[in-house]
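An overview of the molecular structure
Listed below, chain by chain, are the residues.
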Amino acid sequence: MKYIWFLPLSLLMLASCDDHLLGTTESAPCVRQPPLTYENFGLPMIEKNCAGCHSSLHAGIDRSNAPVGVDFDTWDGILLWADRIHVRTYEDLTMPPTGGLTEVELDDFDEWMRCEVFPNAERF
Ligand code: HEC
């Protein structure tokens with residue numbers, strides 16, 4: 001009984017883990033050369049699969065109900081939404097709404113997010 005305080009404390013420590021780091025252990029390390037970057041991978045991938053709805057250039061009906069402000073047509077927009085982008089695309093597979101990404105595309109997307117986006121998103 002003496003150490004019963006330890007349980008809530010360790011749960012608290014677990015809960016406070018930075019979820020940017022989730023997935024870093026079981027996934028491939030960032031060793032690809034040249035690496036996947038915003039220019040050579042992220043931008044074209046997002047433009048093809050997401051920015052048709054999630055773009056500050058789209059308003060009203062053109063957004064197909066994508067919430068206003070959830071825009072990925074800029075690097076800062078991607079950094080701001082990094083966690084949710086990763087969850088919806090890679091973890092839950094609920095974006096894009098119609099699916100369509102291959103396993104290889106999803107793995108590359110995860111690698112790009114872990115190796116370039118998340119390290120930069122920490123300043124947000
Ligand atoms: C056909 C239009 C469309 C496309 C393409 C699309 N989305 Fe969405 N997105 C939506 C709609 C509608 C919502 C609001 C409903 C919802 O959350 O499911 C949404 C909500 C979101 C949200 C905010 C809600 C949350 O869970 O935090 C994120 C993040 C998101 N989408 C990421 C993406 C990513 C990343 C892509 C590309 C891989 C993408 N979406 C492609 C329509 C789209």
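Structure: above.
A short tour of the structure in this document, coming up. (Residues numbered from 1 in each chain as written. Predicted model: local features only at pLDDT ≥ 70, side-chain atom pairs only at ≥ 80, totals over all residues. Heavy atoms only, no water.)

1. Looking at the overall build of the protein
On a plain count of helices and strands, the protein comes out with 5 helices and 0 strands. Each helix and strand of the protein, ordered N terminal to C terminal, gives the series α-α-α-α-α. Scored against the burial criterion, the 124 residues of the protein give a buried share of 34%. Total accessible area on the protein stands at roughly 8400 Å², and carbon and sulfur atoms take up 63% of it. (Helix = DSSP H or I, 4+ residues; strand = E, 2+ residues; numbered from the N terminus. Buried < 20%, exposed > 50% of the residue type's maximum accessible area, 1.4 Å probe, protein only. Areas by Shrake-Rupley, 256 points an atom, 1.4 Å probe, with all protein chains shown as cover.)

2. Some words on the site of the ligand
Cys50, Cys53, His54, Arg88 and Met95 are the nearest of the 17 residues found near the ligand. In the environment of the ligand, a nitrogen atom lies 2.8 Å from a nitrogen or oxygen atom belonging to the side chain of His54. Separating an oxygen atom of the ligand from a side-chain N or O atom of Arg84 is a distance of 2.8 Å. At a threshold of 2 Å from the grid points, most atoms of the ligand map onto the largest pocket. Counting residues per element, the shell around the ligand draws most heavily on helix H4 (residues 82-91), which supplies 4 residues. Looking at the shell around the ligand residue by residue, the classes come out as 10 nonpolar, 5 polar and 2 charged. (Near = heavy atom within 4 Å. Polar contact = N/O pair within 3.5 Å; in protein donor to acceptor, adjacent residues only side chain to side chain. 1 Å grid on protein atoms, 1.4 Å probe; cavity = no way out; pocket = protein on both sides within 12 Å on 5 of 7 lines; lining within 4 Å. Sits in = over half its atoms within 2 Å of the grid points. Nonpolar A, V, L, I, M, F, W, Y, C, P; charged D, E, K, R; others polar.)

3. Details of unusual backbone geometry
Omega for the peptide link from Gln33 to Pro34 comes to -10°, which places this bond in the cis form. Along the polypeptide, Pro34 turns up in the loop between helix H1 (6-15) and helix H2 (38-49). Omega for the bond connecting Met95 with Pro96 falls within 30 degrees of zero, at -5°, which places this linkage in the cis form. Mapped onto the elements of the fold, Pro96 is located in the loop between H4 and helix H5 (103-121). A positive phi angle is found at Asn65, which is not glycine, with a value near 75°. In this fold, Asn65 is placed in the loop between H2 and helix H3 (75-80). Look at Asn65 and you get exposed, because its relative accessible area is 77%.

4. Remarks on the side chain of His86
Summarising the element assignment, His86 is placed in helix H4. A polar side-chain atom of His86 sits 2.6 Å from a polar atom in the side chain of Glu91. In this structure, His86 is in contact with Glu91, Asp110, Met113 and Phe118, ignoring residues within four places of it in sequence. (Contact = heavy atoms within 4.5 Å.)

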